[in-house]
Amino acid sequence: MNKLFIGLLIVAAGARAYFLLRKKNKPDKPAINKEMIIGKWTPVQPATDSTSVKQLYEFTKDGIVLRSYGDTTKTDTLFYEWNKNQELLWKENSRQSGSRNFAVTKLTEDSLQIQPKDSLPILFTRAK
């Protein structure tokens, strides 16, 4: 009985050491400067798509995204917020409970890359 108890303690200690070492080797996700998203962004369109309309996304400090299409005066209003996992949450209206989550894979002064869970990444460049 004592040998069984000692054996279980050794296995438990080994498993704990394994998980602690594994967690230490895993790099933490770098913090994103969320203020850098404020401003105007244009999505980078594939070179083969000549029929696409140029879009402009303007992120404001109060969680609003103004989306305009080409040279028209039509503008859509969307809403965004950040969650605890540094994901960008898009909503069609401010009261909407569901949202579309995007992982922010890159955010610099001149580029923004977001990735939906089941799709390819979307690259934006800062509008001038």
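Residues numbered from 1 in each chain as written. Predicted model: local features only at pLDDT ≥ 70, side-chain atom pairs only at ≥ 80, totals over all residues. Heavy atoms only, no water.

This paragraph deals with the nonpolar core. Counting residues in hydrophobic clusters, the biggest one holds 18 residues, and the most contacted among them are I37, F59, L88, W90, L107 and L112. When residues of this core are traced back to their parent elements, those giving at least two are strand 2 (55–59), strand 4 (75–82), strand 5 (87–91), strand 6 (100–107) and strand 7 (111–116). The residues touching L88, leaving out its near neighbours within four places in the chain, are I37, F59, Y80, E81, W82, R100, N101, F102, V104 and I114. (Core = buried A, V, L, I, M, F, W, Y, C linked by side-chain atoms within 4.5 Å. Buried < 20%, exposed > 50% of the residue type's maximum accessible area, 1.4 Å probe, protein only. Helix = DSSP H or I, 4+ residues; strand = E, 2+ residues; numbered from the N terminus. Contact = heavy atoms within 4.5 Å.)

The next subject is the pattern of salt bridges. One pass over the structure, following the stated rule, counts two salt bridges. Between R67 and D76 there is a salt bridge, and its shortest N-O distance comes to 3.2 Å. Here E81 and K91 are joined by a salt bridge, their closest N and O atoms 3.6 Å apart. Here E81 is found in strand 4, whereas its partner K91 is found in strand 5, with 10 residues between them in sequence. (Salt bridge = Lys/Arg side-chain N within 4 Å of Asp/Glu carboxyl O.)

Counting buried positions along strand 5 yields five of five residues, so the element is predominantly enclosed. Two strands pair when backbone bridges link them, and strand 4 and strand 5 are joined in this way by four bridges, in the antiparallel orientation. Its bridge partner lying in strand 5, Y80 is registered against W90. Joining the antiparallel neighbours strand 4 and strand 5 is a turn of four residues, in which Q86 adopts a positive phi near 60 degrees. Pairing geometry for strand 5 and strand 6, over four bridges, is antiparallel. When the sheet's bridge partners are listed, W90 is paired in strand 6 with R100. (Pairing = 2+ DSSP bridges.)

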